[in-house]
Amino acid sequence: MYRHIIAAIDGSNNSDKALHEAIRVAKFAEARLTLIHVASLRDLAVDSLGVYAGDPGYDLALEQGQEALARAQTIARNAGLTDVVSHLEKSWEGGHDLADLLIGYASAQQADLIVLGTHGRSGLAHLFLGSFAEDILRRSQCPLLVVRSLEDDDIRVE
């Protein structure tokens, strides 16, 4: 049975749906739940000058990640989970680096399950936007629960 579950959080409807499923599994298994957000900082770098701590964009990206994690932690605790922690990672590369950070963290924490949401895009949207869930699926050694949402996938950090 699962003892430690990692749930990827980004503040989107897809992530919320996955969070609720992770909570259900964690309650059933009496497992620890870790919420993780990987802040993508690559897009903040301008003309190869980079971004530094204290830069408004950098701070905003981290603040939004912390808000998404705090909101998810409140949802999990209100659902009756007591063993819930959160973790924020920073990615300067984007793309595969986001997946690497999540997989590496799950491995280091000896997670038994990774739960994440997906929008289920296909066709050209999938080709151009890629798929974080597919990247995790192809490369993770940890079992993965992918929860598809048919709802709008706009990020809505509160």
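Starting from 1, residues in each chain are numbered consecutively following that chain's sequence as written. Thresholds applied to this predicted model are a pLDDT of at least 70 for local features of residues and 80 or more for the giving and counting of side-chain atom pairs; totals over whole chains, interfaces and linings are not thresholded and use all residues. Only hydrogens and water are set aside when side-chain values are computed; all heavy atoms of the structure are taken into account.

An unreviewed UniProt entry annotates the chain as Universal stress protein originating from Pseudogulbenkiania ferrooxidans EGD-HP2. UniProt positions are given in the numbering used here, feature names are shortened, and annotations may be inferred rather than shown by experiment. UniProt's Sequence similarities (unreviewed entry) comment on the chain is quoted here verbatim: "Belongs to the universal stress protein A family."

A. Quick peek at the overall build of the chain. Secondary structure assignment for the chain yields 5 helices and 5 strands. Only DSSP runs of H or I with at least four residues qualify as helices, and only runs of E with at least two residues qualify as strands; both kinds are numbered from the N terminus onward. Secondary structure elements of the chain occur, N-terminal to C-terminal, as β-α-β-α-β-α-β-α-α-β. Long-range contacts, defined here as pairs at least 24 residues apart, represent 78% of the contacts in the chain between residues at least 6 apart. In short, Shrake-Rupley with a 1.4 Å probe defines the accessible areas, and a residue's cover is counted only from the protein chains shown. Accessible area for the chain stands at about 8,800 Å²; split by element, carbon and sulfur atoms hold 51% of it. It only takes one pair of heavy atoms within 4.5 Å for two residues to be counted as in contact.

B. Local environment of helix 1 (residues 13–29). The terminal C-alpha atoms of helix 1 lie 24 Å apart, and with 17 residues this matches the ideal 24 Å at 1.5 Å per residue to within 8%. What helix 1 keeps buried is the set N13, N14, S15, D16, A18, L19, A22, I23, V25, A26 and A29. Here, expected helix span is obtained from the residue count minus one, scaled by 1.5 Å. Burial here depends on accessible area, computed with a 1.4 Å probe over protein chains only, as a share of the maximum for the residue type. Under 20% is buried, over 50% is exposed, and the range in between is partly exposed.

C. Geometry of the pairing of strand 2 (residues 32–40). Buried residues dominate strand 2, accounting for 7 of its 9 residues. Following DSSP output, two strands are said to pair if at least two bridges run between them. Examined bridge by bridge, strand 1 (residues 4–8) and strand 2 share 5 bridges and lie parallel to one another. The partner of H4 across the bridge, within strand 2, is R32. In this fold, strand 1 hands off to helix 1, which returns the chain to strand 2; that crossover is right-handed. Here, the term right-handed applies to a crossover whose path from the first strand over the helix to the second runs clockwise when the strands point away from the viewer.

D. Up close: the nonpolar core. For the purposes of this section, nonpolar cores are sets of buried Ala, Val, Leu, Ile, Met, Phe, Trp, Tyr and Cys residues that join through side-chain atoms within 4.5 Å. If you look at the biggest cluster of nonpolar residues, it comprises 22 residues, and the most contacted ones within it are I5, I9, L33, L35, L81 and V115. Those elements giving two or more residues to this core turn out to be strand 1, helix 1, strand 2, helix 2 (56–78) and strand 4 (113–118). Looking at this core element by element, the count peaks at 7 residues for helix 1. When residues no more than four places from it in sequence are discounted, the contact partners of L81 are I23, A26, K27, L33 and A76. Judged by nonpolar contacts, the second largest core, of 16 residues, contains A8, L98, I114 and A133.

E. Fine view of the pattern of salt bridges. The salt bridge criterion pairs a side-chain nitrogen of Lys or Arg with a carboxyl oxygen of Asp or Glu, the two atoms within 4 Å. Evaluation of the coordinates by the stated rule reveals 6 salt bridges. Between D112 and R3 there is a salt bridge, and its shortest N-O distance comes to 3.5 Å. Here D112, found in the loop between helix 3 (96–108) and strand 4, pairs with R3, found in the segment before strand 1; they are 109 residues apart in sequence, far enough to count as distant. Look at D112 and you get buried, because its relative accessible area is 16%. Here the residues in one salt-bridge network are D100, D135 and R139, joined through shared partners.

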